[in-house]
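Residue-level listing of the chains:
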Amino acid sequence: MTQRAPDPSGDEPNRSPMPSGSDRPVLIDAGTELDPVHPVELPAPAGGGRGLTAAEVAERIARGEVNDVPVRSSRSVTEIVRANVFTRFNLIIGVLWVIMLFVAPIQDSLFGFVIIANTGIGIVQEWRAKKTLDSLAVIGEAKPTVRRDGVAAEIHTSEIVLGDLVELGPGDKVVVDGKVAEADSLEIDESLLTGEADPVLKRAGDPVMSGSFVVAGGGAFAATKVGREAYAAQLAEEASRFTLVQSELRSGISTILKYVTWMMIPTAIGLVLSQLVVKDHNFKDSIARTVGGIVPMIPEGLVLLTSVAFAIGVVRLGRKQCLVQELPAIEGLARVDVVCLDKTGTLTEGGMDVTEIRPLNGTDEPYLRRVLAAFGASDTRPNASLQAIIDACPAPAGESWDVTQALPFSSARKYSGAAFDEGGGRTSAWLLGAPDVLLPEEDPALTEIEQLNQQGLRVLLLARVEGRLDDPETATGAEPGALIVLEQRLRPDAGETLAYFADQRVATKVISGDNAVSVGAVAEKLGLPGAEHTLDARRLPTDPDEMATAMEENAVFGRVTPQQKREMVAALQSRGHTVAMTGDGVNDVLALKDADIGVSMGSGSEATRAVAQIVLLNNSFATLPSVVAEGRRVIGNITRVATLFLTKTVYSVLLAVLVVCFQVEYPFLPRHLTLLSTLTIGIPAFFLALAPNKERAHPHFVRRVMRYAIPSGTIAAVATFATYLIARHHYVGAGSLEAETSAATLTLFLVSMWVLAIIARPYTWWRICLVAAMGLAFLIVLAVPWLQDFFALKLVGTTLPWTAVGIAMIASAALEYAWRLVSRHFPV
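Not measured: the values here are computed from a predicted model. (Residues numbered from 1 in each chain as written. Predicted model: local features only at pLDDT ≥ 70, side-chain atom pairs only at ≥ 80, totals over all residues. Heavy atoms only, no water.)

S.K.: Let's hear about the pattern of salt bridges: which residues, and what values?
M.R.: Close approach of charged atoms allows side chains of opposite charge to pair. Applying the stated criterion across every chain, the model contains 25 salt bridges. Of the charged contacts, one joins D436 and R559 as a salt bridge, the two residues approaching to 2.6 Å between their closest N and O atoms. With D436 in helix α13 (residues 435–438) and R559 in the loop between β18 (556–558) and α18 (562–574), this pair connects stretches of sequence that are 123 residues apart. For the pair D436 and R559, a shared accessibility class is recorded, and that class is buried. Residues joined in a network through salt bridges with shared partners are D436, R458, D514, D536, R538, R539 and R559. (Salt bridge = Lys/Arg side-chain N within 4 Å of Asp/Glu carboxyl O. Helix = DSSP H or I, 4+ residues; strand = E, 2+ residues; numbered from the N terminus. Buried < 20%, exposed > 50% of the residue type's maximum accessible area, 1.4 Å probe, protein only.)

See the structure below:
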């Protein structure tokens, strides 16, 4: 079997395609009791380790013994339609709409057509997002290596059949349940299923569970449970669906809607009784005005715009080859204030070059190159550092050494090993790994290595050892043979990305398994703020609070173990930080899983992509600012438009309460509030929700929105009702109610426009044009006779219209004062 050469950073090979959504392991609480895997006794296929024959595969397919778990990276079209159509508020509005179609002119039923249009927009936008997600999931679908008829080939996960022999290597994810058939120091991490972080050493005959992944060694297993019978598949289908829930933004909106519903019920009942029982006038007109009071209480467009903003975000990021596996990740990354980066694959490219081989202790260089060639030839799937060694030290033609023992690379050990039969009765055993781990602290070679590290070079040590490689004390007394100096290729866009995070006041921490000095030198070349503050993780305090302090005071950490990465993320979170973690190797999985947002490179191991919420399919670290910007656009803009919608809800509820208390007719018909909502909320909110917004995301969404919506809605309601009461004493005779309504509508429109003008700040040319266009549209309605008749709006005389304008101006001044007062005395 093969063994792996080390990457001092602990990074694993970047080679596997991304798994589809339905293959993502389910995260289960550590206390959850798992059903044990009962390996099925299968007849040994012909050829033993050759795998199934073509005839056996065909037979199993005919019996339906295929891994047919459906790919579910997003909701189906039916589910999208159902989620957008069958909502609580659509039901309420639908019932009111049907009533209005029978008792009032079509003008008063316009709100129903608006809801149909809004629902249609929501369905189309989410369907576009679904298409983007599904296409990206197919591009990176996992293709495990399966051995059939003695030939190993990559196939789709859905093509695995019962009894297939599936090969495993570092970073590979176990895609179905099975029983180990071959094992070469095979270590499997089952933490995603059991919560237990320590990897489990597997031997032939041991069970393996789908959802676990390989951290070291290699082997193969026979599939014993496929399709929905596999353990993880029984849980993953629901969990792997693309979802719009579990975010502060959407949970905040749900909270608001819950309270709005409870406010609506008593208010609507009071309004109905007031208009139908207390006031004795035309029955149909009473119905129309009652509905006109209830409909604007519902902030139905708020949910729509939130879904549309998120869906458009998915499409925009998809165009940049960024797969958002969990939608709240867009929002979450916008709230991040600390980004933890793994150096290799993030700040540096995967490829490296051997710049020098320095023999130590008089070792013959040609012999050392022969040893390195044997290391390279023994691994069929080399990682970046070993590939660089293979390129520099190719195996001699026609000659090969037999591998008698192999020690797979481990991120915890920081080295790998191999023992060779060199022929002629000569044998040797070697370790290849991190010099400062293999050498004692007083070794003079470390001074030389330190100088190389300060140049940002990566250094491996080849050391000869005695005894068995799997002995924990093997490294003790290792005889240094050579230093292998590798030059890392910096990502050309990494410096700009680090500068972006610094400008956005997002702290950046480089966490690597490589030498701290070397990592610091690379970070300094890229201009990372605080790169001079480097710390060897072996000197990190174990106390969580002290570790959190060290994390906040330093920017670069080297020689970090996988478990330490997890503890470092937890330490930062304990100080109230929102942490994002990037990585591409299996040594990053634990930290990615625990971070608030996990970001994986598309070329990373299957395990990292399985637990990450965001996958950068183009492997470009420079895509992250786009994700942050998209999240900030969504959060900032939804906060803006939510204030618009909830201001309408507040003034609608208060107007209804005032009408009930003063025992007067409700001043508006549905057509009036449909016009106002469209011009002051609906159209502007759509543009504002999709506009660029670089404002840093802030917590406490509900409080931020309500602290402005409540005073704004209160001022609008009081001003409007004041105009209405004055008009009731001014106008008498036939048509007086229509004149009173027109005056009240004018005041409410002007106050609502001022709220819009405040929310549209800071002004740009298009924002000014948007506000002006809405005002112009209302003037056209007042000026064009047939529109006056259609919307039942006609200003009578000059005294009341100008009084309405005056009251609106006073209310607007009160709005300005209230907003400044709230910002000063009620900060979130």
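S.K.: Got a sec to walk through the confidence of the model for the protein chain? Specific residues and values, please.
M.R.: Here the protein chain averages 80 in pLDDT, and 86% of its residues register 70 or above. For the protein chain, per-element mean pLDDT is lowest for helix α6 (residues 231–239), which scores 49, and highest for helix α25 (residues 765–783), which scores 94. In the model, residues 1–47 has pLDDT below 50 throughout and makes 189 contacts with residues more than four positions away in sequence or in other chains. Below pLDDT 50 for its whole length, residues 235–246 participates in 34 contacts with residues either more than four positions away or in separate chains. (pLDDT = per-residue confidence, 0-100. Contact = heavy atoms within 4.5 Å.)

S.K.: Report on the nonpolar core, specifying residues and quantitative values.
M.R.: Grouped together as the largest cluster of nonpolar side chains are 91 residues, with contacts concentrated most on F111, I638, V641, L644, F701 and F778. The greatest single-element share of this core, amounting to 12 residues, is contributed by helix α21 (residues 624–662). Excluding its chain neighbours within four sequence positions, the residues that come into contact with F701 are E248, L249, G252, I253, I256, I638, T639 and A642. (Core = buried A, V, L, I, M, F, W, Y, C linked by side-chain atoms within 4.5 Å.)

S.K.: Go over the environment of S286, please, and point to the residues and values.
M.R.: Relative to the helices and strands, S286 resides in helix α8 (residues 283–294). Spatially, the C-alpha atom of S286 lies 5.6 Å from that of Q275, the residues being 11 residues apart in sequence.

S.K.: Explain the pairing of strand β16 (residues 507–511) residue by residue, including any values.
M.R.: β16 sits mainly inside the fold: four of its five residues count as buried. As paired strands, strand β9 (residues 338–341) and β16 are joined by four bridges and run parallel to one another. Bridge pairing in β16 links V339 to T508. Note that β16 and β18 share two bridges and pair parallel. Among the inter-strand pairings, V510 is bridged to a residue of β18, identified as V556. (Pairing = 2+ DSSP bridges.)

S.K.: Got a sec to walk through unusual backbone geometry? Specific residues and values, please.
M.R.: The omega torsion of the bond from R761 to P762 falls at -5°, within 30 degrees of zero and hence cis. Tracing the sequence through the fold places P762 in the loop between α24 (736–759) and α25. Non-glycine residue R505 carries a positive phi angle of around 60°. Checked against the element boundaries, R505 lands in the loop between α15 (494–503) and β16. Overall, R505 belongs to the exposed group, its relative accessible area being 61%. In this structure, A792 is a non-glycine residue whose phi angle is positive, near 55°. As for its placement among the helices and strands, A792 is situated in the loop between α26 (785–791) and α27 (799–825). Looking at A792, the relative accessible area reads 23%, which means it is partly exposed.

S.K.: Summarise the pairing of β9; cite the residues concerned and give the values.
M.R.: Residues V338 and C340 point to one face of β9 and V339 and L341 to the other, with burial holding for every one of them. Direction of pairing for β9 relative to strand β19 (residues 579–583): parallel, over a ladder of three bridges. Across the sheet, the residue bridging to V339 is A580, located in β19.

S.K.: Pulling in residues and values, what's your account of the environment of D364?
M.R.: Position of D364 relative to the elements: it lies in the loop between β10 (348–359) and α11 (365–377). The sequence separation of D364 and G481 amounts to 117 residues, and the corresponding C-alpha distance is 8.9 Å.

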